[in-house]
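The lines below spell out each chain.
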Amino acid sequence: MHQPIRRTKPIVYRITMATPIGARHGKLRLQREEGQLCGTLELLSHIEPVSGWVDAQGQCTLRGQLVTLMQTIPYTATGHITDTAVELSLRGDRHVFPITGDVLAESEEQP
C-alpha cells in the first residue's frame, strides 16, 4: 500500500469518473497544508474549486460542485488519497460516482 499524501507541493492526479453514460476524464489538483486539502477539479469541461481534509492514513473528504451542461451539483467525495493515487466516491444529490486516478508526471502537465 502507498503512503498517505504528505507533500505540501500541489499534486496533480489524472482521474477517471465512472458515469452511467461512460467514463469521464479530468484532473484533480490538490495541495495539503496541515491536514487541510484545497485545489481544483477539472472535469466535464469545467474547473471548480475543491476543499476538504485528509488524515494521517490518507482517508479524505472533499467538497465542491460538479458543473454539467444541465445543472450544478454540490457533492461530497470520500475515499483514500496518497502521493501516487486517489480513489474517491463522489456523492451528489442523487448519484454516487467512483473516481480513480494516479499522479500526472510533471512532464505531462500542460501550463
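For the structure itself, consult the block above.
The rules behind these values
Residues numbered from 1 in each chain as written. Predicted model: local features only at pLDDT ≥ 70, side-chain atom pairs only at ≥ 80, totals over all residues. Heavy atoms only, no water. Helix = DSSP H or I, 4+ residues; strand = E, 2+ residues; numbered from the N terminus. Contact = heavy atoms within 4.5 Å. Pairing = 2+ DSSP bridges. Salt bridge = Lys/Arg side-chain N within 4 Å of Asp/Glu carboxyl O. Buried < 20%, exposed > 50% of the residue type's maximum accessible area, 1.4 Å probe, protein only. Core = buried A, V, L, I, M, F, W, Y, C linked by side-chain atoms within 4.5 Å. Axes fitted to C-alpha atoms, helices over the stretch in contact; angles between N-to-C directions.

**A closer look at the overall build of the protein chain**
When helices and strands are tallied, the protein chain shows 0 helices and 8 strands. Each helix and strand of the protein chain, ordered N terminal to C terminal, gives the series β-β-β-β-β-β-β-β. Taking contacts inside the protein chain between residues at least 6 apart in sequence as the whole, the part at least 24 apart equals 33%.

**Some words on the pairing of strand β1 (residues 11-19)**
Of the pairings in the sheet, the one linking β1 to strand β2 (residues 22-33) comprises 9 bridges and is antiparallel in character. Following the sheet pairing, M17 is matched in β2 by R24. In this sheet, strand β8 (residues 96-103) lies alongside β1 in antiparallel orientation, the contact comprising 5 bridges. Residue pairing for β8: Y13 is matched across the bridge by V103.

**Details of the pattern of salt bridges**
Tallying each qualifying case throughout the model produces 2 salt bridges. One salt bridge connects R29 with E42, and the closest N-O pair in it is separated by 3.0 Å. Here the residue R29 occupies a position in strand β2, and E42 occupies one in strand β3 (residues 36-43), the gap between them amounting to 13 residues. Among the residues examined, R29 registers a relative accessible area of 22% and is labelled partly exposed. Given the relative accessible area of 27%, E42 is considered partly exposed.

**Details of the nonpolar core**
Of all hydrophobic cores here, the largest spans 23 residues; its most connected members are Y13, I15, L28, L41, L66 and L88. Those elements giving two or more residues to this core turn out to be β1, β2, β3, β4 (46-54), β5 (59-67), β6 (72-81), β7 (85-91) and β8. With residues near it in sequence (within four places) discarded, L41 still touches I15, K27, L28, H46, I47, E48, V50, L66 and Y75.

**Regarding the sheet that holds β1**
Taking strand neighbours around the barrel as the criterion, the 8 strands line up as β1-β2-β3-β4-β5-β6-β7-β8 in a closed arrangement whose pairing is antiparallel. Neighbour-to-neighbour, the strand axes of the sheet open up by a mean angle of 25°, direction not taken into account. Judged from the 8 bridges that link them, β3 and β4 form a sheet pairing that is antiparallel. Looking at the pairing, L37 lines up with G52 of β4.

**Considerations on the pairing of β5**
In this structure, β4 lies alongside β5, joined through 5 bridges in antiparallel fashion. Its bridge partner being in β5, V50 is matched across the sheet by G64. Here β4 hands over to β5 after 4 residues, with G58 in that stretch at a positive phi of 95°. Hairpin connection from β5 to β6: 4 residues lie between these consecutive antiparallel strands.

**Side note on unusual backbone geometry**
With a phi close to 50°, E34 is a non-glycine residue in the positive phi region. Along the chain, E34 turns up in the loop between β2 and β3. Take E34: its relative accessible area is 74%, and that puts it in the exposed class.

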